[in-house]
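# Survey of secondary and tertiary structure
Listed below are the residues making up each chain.
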Amino acid sequence: MARTVLGLSAFYHDAAACLLVDGRIVAAAQEERFSRKKHDPEFPARAARYCLAEGGIAAKDLDLVAFYDKPLLKFERLFETYLDYAPRGFASFQKAMPLWLTNRLWMEETIRRELETPARILFGDHHESHAASAFFPSPFEEAAILTMDGVGEWATSSLGHGRGNTIDLVSELRFPHSIGLLYSAFTYFCGFRVNSGEYKLMGLAPYGAPKYADVIREKLVHVCDDGSIRLNMEYFDFASRLRMTGAGFERLFGGPAREAESKLTQREMDLAASIQEITEEIVLKMARHVRKVTGAAYLCLAGGVALNCVANGRLLREGIYDDLWVQPAAGDAGGAVGAALAVWHRYLGMPRESPERRGTWRPNTSSIALPPYEDGMSGAFLGPSFPSREIAAWLESHDYPFHTVSREALPDAVAELISKEKVVGLLQGRMEFGPRALGGRSILGDPRSPRMQSVMNLKIKFRESFRPFAPSVLREEVSKWFEIDADSPYMLLVADVARPLRREMSEAEKALWGIEKLNVPRSDIPAVTHVDYSARLQTVRREANPLYHDILAAFLRKTGCPVVVNTSFNVRGEPIVCTPGDAYTCFMRTAMDALVLENHVLLREEQPAWSEGDEWRKTFTLD
Ligand SMILES: [Fe+2]
């Protein structure tokens, strides 16, 4: 009987692998963390090797491989789109061709060659993989499912109903009508990178007013009551050319697209606010519709659009569902998880364990009673970890000075550093799967410090940013500090800072523009408070990440504040660190004050000089 399934996603962006053993996710990782190429789309050979090693499985013993989409159908879409728009689409078709003819159409051979496995290879549908990644690991026995992204084979979003080990996909929206591509068109027009800059556009929205929302509704997109949409393809170029938007956008929005890295203007801020409003409108309508169709009380989300945590926060507040769960790797990396789970439950017909047995988390041990929370993603801590002893040996072999602290004393020691406005890099436990750092590979700071936002941006991340940092908060304290009393373990919900902690702006401060406005403290935790008082938060339970929880609890004891700044452990343009070696390099290339590698603490002033040239550090860029 089949016991092991390796899920793979590749050749679009964020290639990843995931290993299931007896239906449990034992490992998952993105290829970028190993290859050190951000959003690496290549075949995830290193990630697959890691997953197999973590599960103690040799490639020759693997039972099944599940790929997250159907390359032939995707090829058909490209080809038909080319014919529809011929001869205009020839450039993009010609650009895509060599890649298709080498690896993608012959995916089965590619997989067999790369993995050297005799395993049976199966192909899922792109949106089926997203849907499976949303529902099967969720804490719900029954739920409505909504997947939204740019495009898979043909589908751009799908509605489904999950029950036990079954998923019924009820309906789908097809290319070119896509909420993801609509959002990406604005990302492109505002001068950010498609497929990674969407986050920045979302962060820009609170500076603007939705003054273009009516124009977008009138000219660009027709939104039906069920949330399905029709794009007016006169204004979009993604089907026919190697760009998202053209002259039509320029006419509607007063001039050409913003050049990447050039100064942001009020227009981009208003465009961001406008497309955010439209996106929320579409997501809410889709969510209401799938609620009506399925009658389910809970909702599961995946697909790139599910990373829009502002829309997710709104969805929760609107109360359409009793609760919602978002796959932490909502983008295509999560397709590897979904493909594997779809094979396990849908193809092999294996039962789905009850929520009590599914999670690998221990029971809730915090002193304050919380409703139980378990899912199949283990807090997204599904990547490699490094034993303390090995790290010590590695540090000694390089003559890097360090202090070994006992596990009991470690939370206090880290909290003490943070409370003294030190910036601390933390590598502990297993690496996170998905785009967010959640306390396994994070840079931490004091959210109460008014200078922390700019210090961390300019000295650590080497950028100037209009976005505040994200807070991690003790789950049991969240409702005292934010206007929410729910779990957000994967930093995929936005909520407002609690009213008593807010500081009213003076008229002069309100009139400030852009980053100047962000630099005015607007709450007791200014480093994590956006200009509209919102925060993109992560709630931390002890059972998901004991050490991280203990650090937050120690910080609370010391300062009265259960919140820390949590930003991903990397610099701009690099993937999040994976190994202690990656972490040390990043530590030394930046102005971080301390580095914590498991229970070893390294202080900047004690380290030998770093030999690399530091010219590149002086380039501050807008991010
Ligand atoms: Fe996708």
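Up top is the structure.
Remember, predicted model here, so these are calculated numbers, not experimental data.

About the criteria used
By convention here, each chain's residues receive numbers from 1 onward along its written sequence. Local features in a predicted model are, by the rule used here, given only for residues with pLDDT of at least 70; side-chain atom pairs are given and counted only at 80 or more, and totals for whole chains, interfaces and linings are based on all residues. Note that the side-chain values use all heavy atoms of the structure and ignore hydrogens as well as water. Where helices and strands are cited, they refer to DSSP runs of H or I of at least four residues and of E of at least two residues respectively, numbered from the N terminus. Buried means the residue's accessible area, taken with a 1.4 Å probe over protein chains only, is under 20% of the maximum for its type, while exposed means over 50%, and partly exposed covers the values in between. Any two residues whose heavy atoms approach within 4.5 Å at even a single point are treated as in contact. Residue exposure ignores everything except the shown protein chains as possible cover, and the areas themselves are Shrake-Rupley values with a 1.4 Å probe. For two strands to be treated as a pair, DSSP must find at least two bridges joining them. Clockwise travel from the first strand over the helix to the second, with the strands pointing away from the viewer, marks a crossover as right-handed. Working definition: rings of Phe, Tyr and Trp (its six-membered ring) pair if their centres are within 6.5 Å, and the pair is stacked with planes under 30 degrees apart, edge-to-face with planes over 60 apart, and tilted otherwise. Sitting over a ring, as applied to charges here, requires NZ of Lys or CZ of Arg to be within 6 Å of the ring centre and within 35 degrees of the ring normal. Here, axes are lines fitted to C-alpha atoms. For helices the fit covers the stretch in contact, and angles between N-to-C directions go from 0 to 180 degrees. Neither His nor the chain termini are counted; the positive set is Lys and Arg, and the negative set is Asp and Glu. The term salt bridge refers to a pairing of a side-chain nitrogen on Lys or Arg with a carboxyl oxygen on Asp or Glu at a separation within 4 Å. In protein, a polar contact requires one atom able to donate a hydrogen and another able to accept it; more generally it is a pair of N or O atoms within 3.5 Å, and residues adjacent in sequence count only if both atoms are side-chain atoms. Angular relationships are summarised with four words: roughly parallel below 35 degrees, roughly antiparallel beyond 145, roughly perpendicular across 65 to 115, and oblique for the angles in between. Each residue is assigned to one of three groups, with Ala, Val, Leu, Ile, Met, Phe, Trp, Tyr, Cys and Pro labelled nonpolar, Asp, Glu, Lys and Arg labelled charged, and all others, Gly among them, labelled polar. Donor atoms: N, O and S within 2.8 Å of the metal, or within 3.2 Å for Na, K and Ca. Because water is excluded, sites can look incomplete. In short, tetrahedral needs four donors with all angles between 85 and 135 degrees, square planar needs four and octahedral six donors with opposite donors over 155 degrees apart and all other angles between 65 and 115, and whatever is left is irregular. Among buried residues, those of type Ala, Val, Leu, Ile, Met, Phe, Trp, Tyr and Cys that are joined through side-chain atoms within 4.5 Å constitute a nonpolar core.

### As for the overall build of the protein
Looking only at helices and strands, the protein features 22 helices and 23 strands. Split into buried and exposed, the 623 residues of the protein put 61% on the buried side. For the protein, contacts bridging at least 24 residues in sequence account for 72% of all contacts bridging at least 6. Approximately 23900 Å² of the protein is accessible, and the part contributed by carbon and sulfur atoms is 52%.

### With respect to the pairing of strand β12 (residues 323-326)
Sheet topology note: the strand β11 (residues 298-302)/β12 ladder contains 4 bridges and is parallel. Residue pairing for β12: C300 is matched across the bridge by W325. Crossover connection from β11 via helix α12 (residues 309-318) to parallel β12: handedness right-handed.

### Examining the packing of aromatic side chains
Geometrically, a pair of aromatic rings is defined through the distance of the ring centres and the angle of the planes. Applying the stated criterion across every chain, the model contains 20 aromatic pairs. Taken together, the aromatic side chains of F186, F189, Y212, F236, F249 and F253 make up a single cluster linked through ring pairs. Taking NZ or CZ as reference, R502 lies 4.9 Å from the ring centre of Y533, over its face.

### Some remarks on the environment of I278
Checked against the element boundaries, I278 lands in helix α11 (residues 266-294). It is 9.2 Å that separates the C-alpha atoms of I278 and D214, two residues lying 64 residues apart in sequence. Setting aside chain neighbours within four positions, we find I278 in contact with L182, A213, I216, R217 and V221.

### Comments concerning the sheet that holds β11
With mixed pairing, 5 strands are arranged side by side in an open sheet as β8-β7-β6-β11-β12. If you trace the sheet from one side to the other, it starts and ends with β8 (166-174) and β12, each paired once. Mean inter-strand twist for the sheet, computed between neighbouring axes without regard to direction, equals 20°. Summarising the sheet, strand β6 (residues 142-148) and β11 pair through 4 bridges and their orientation is parallel. Directly across from A144, in β11, lies its bridge partner L299. Together, β11 and β12 form the strand contacts of α12, whose direction differs from that of β12 by roughly 160°.

### Observations regarding the side chain of E476
Take E476: it is sitting in the loop between β17 (470-474) and α18 (478-481). For the buried E476, which has no salt bridge, the nearest side chain bearing the opposite charge is R475, at an N-O separation of 7.0 Å. For E476, the side chain forms a polar contact with the side chain of H549, separated by 2.8 Å.

### Some remarks on the pattern of salt bridges
Summed over the entire model, instances satisfying the criterion amount to 36 salt bridges. D550 is paired through a salt bridge with R407; the nearest N and O atoms lie 2.9 Å apart. Linking D550 in helix α21 (residues 546-559) with R407 in the loop between β13 (403-404) and α16 (410-419), this pair joins segments that are 143 residues apart in sequence. A residue is classified by how much of its surface remains accessible, and R407, at 32% relative accessible area, is partly exposed.

### Brief notes about the packing of helix α6 (residues 126-135) against helix α13 (residues 334-347)
The packing of two helices is summarised by the inter-axis angle and the distance between the axes. Axis separation between α6 and α13 bottoms out at 7 Å; the angle between their running directions is 85°. Between α6 and α13, the angle is such that the two are roughly perpendicular. Here E128, S129, A132 and S133 of α6 lie close against α13, whose contacting residues are G334, G335, G338, A339, L341, A342 and R346. Per-class residue counts for the contact of α6 with α13 are 4 nonpolar, 5 polar and 2 charged.

### Side note on the coordination of the iron ion
All of the protein donors around the iron ion are H126 (NE2), H130 (NE2), D149 (OD) and D332 (OD); their distances to the metal are 2.1 to 2.3 Å. Around the iron ion, the 4 donor atoms are arranged such that angles at the metal cover 88 to 171°; this shape is classified as irregular. All donors of the iron ion come from a single chain, and their spacing in sequence reads H-x3-H-x18-D-x182-D. Of this pair, H126 sits in helix α6 while D332 sits in the loop between β12 and α13, and the two are 206 residues apart along the sequence. There is no split in this pair, since H126 and D332 are both buried.

### Some points on the nonpolar core
Ranked by size, the top nonpolar core spans 212 residues in total, and within it L8, F186, F236, F253, L299 and F482 carry the most contacts. Among the elements that line this core, the one with the most residues is α11, at 12 residues. Residue contacts for L299: discarding those within four places in its chain leaves F140, A143, A144, I145, L146, A287, V290, L315, Y321, D323, L324 and W325.

### What to know about the sheet that holds strand β2 (residues 16-21)
Taken in spatial order, the 5 strands of this open sheet run β3-β2-β1-β4-β5, and their pairing is mixed. In this open sheet, the two edge strands, each paired with only one partner strand, are β3 (24-30) and β5 (120-123). The sheet shows a mean angle of 20° between the axes of neighbouring strands, direction not considered. Relative to strand β4 (residues 64-67), strand β1 (residues 4-9) runs parallel, the two being bridged by 4 bridges. In the strand pairing of β4, L6 is matched with V65. Sheet contacts for helix α5 (residues 107-115): β1, β4 and β5; angle to β5, the most-contacted strand, approximately 135°.

### Description of the side chain of R502
Locating R502 in the fold gives a position in the loop between β18 (493-496) and α19 (507-510). A polar side-chain atom of R502 sits 2.8 Å from the main-chain carbonyl oxygen of V497. R502 has contacts with E483, D496, V497, R522, S523 and Y533, leaving out every residue within four places of it along the chain.

### Regarding the pairing of strand β19 (residues 534-540)
Across the 7 residues of β19, 7 count as buried, placing the element largely inside the fold. The alternating pattern of β19 places S534, R536, Q538 and V540 and A535, L537 and T539 on opposite faces, both of which are buried. Bridging between β17 and β19 involves 3 bridges; their strand directions are parallel. Opposite L474, over in β19, you have V540 as the bridge partner. Note: β18 against β19, 4 bridges, orientation antiparallel. Each residue of the ladder has a partner; that of V494, found in β19, is R536.

### Topic: helix α7 (residues 179-189)
Across the 11 residues of α7, 10 count as buried, placing the element largely inside the fold. Within α7, burial applies to I179, G180, L181, L182, Y183, S184, A185, F186, T187 and F189. Regarding α7, its N-cap is S178, as a side-chain oxygen of that residue lies 3.3 Å from the backbone nitrogen of G180 further along.

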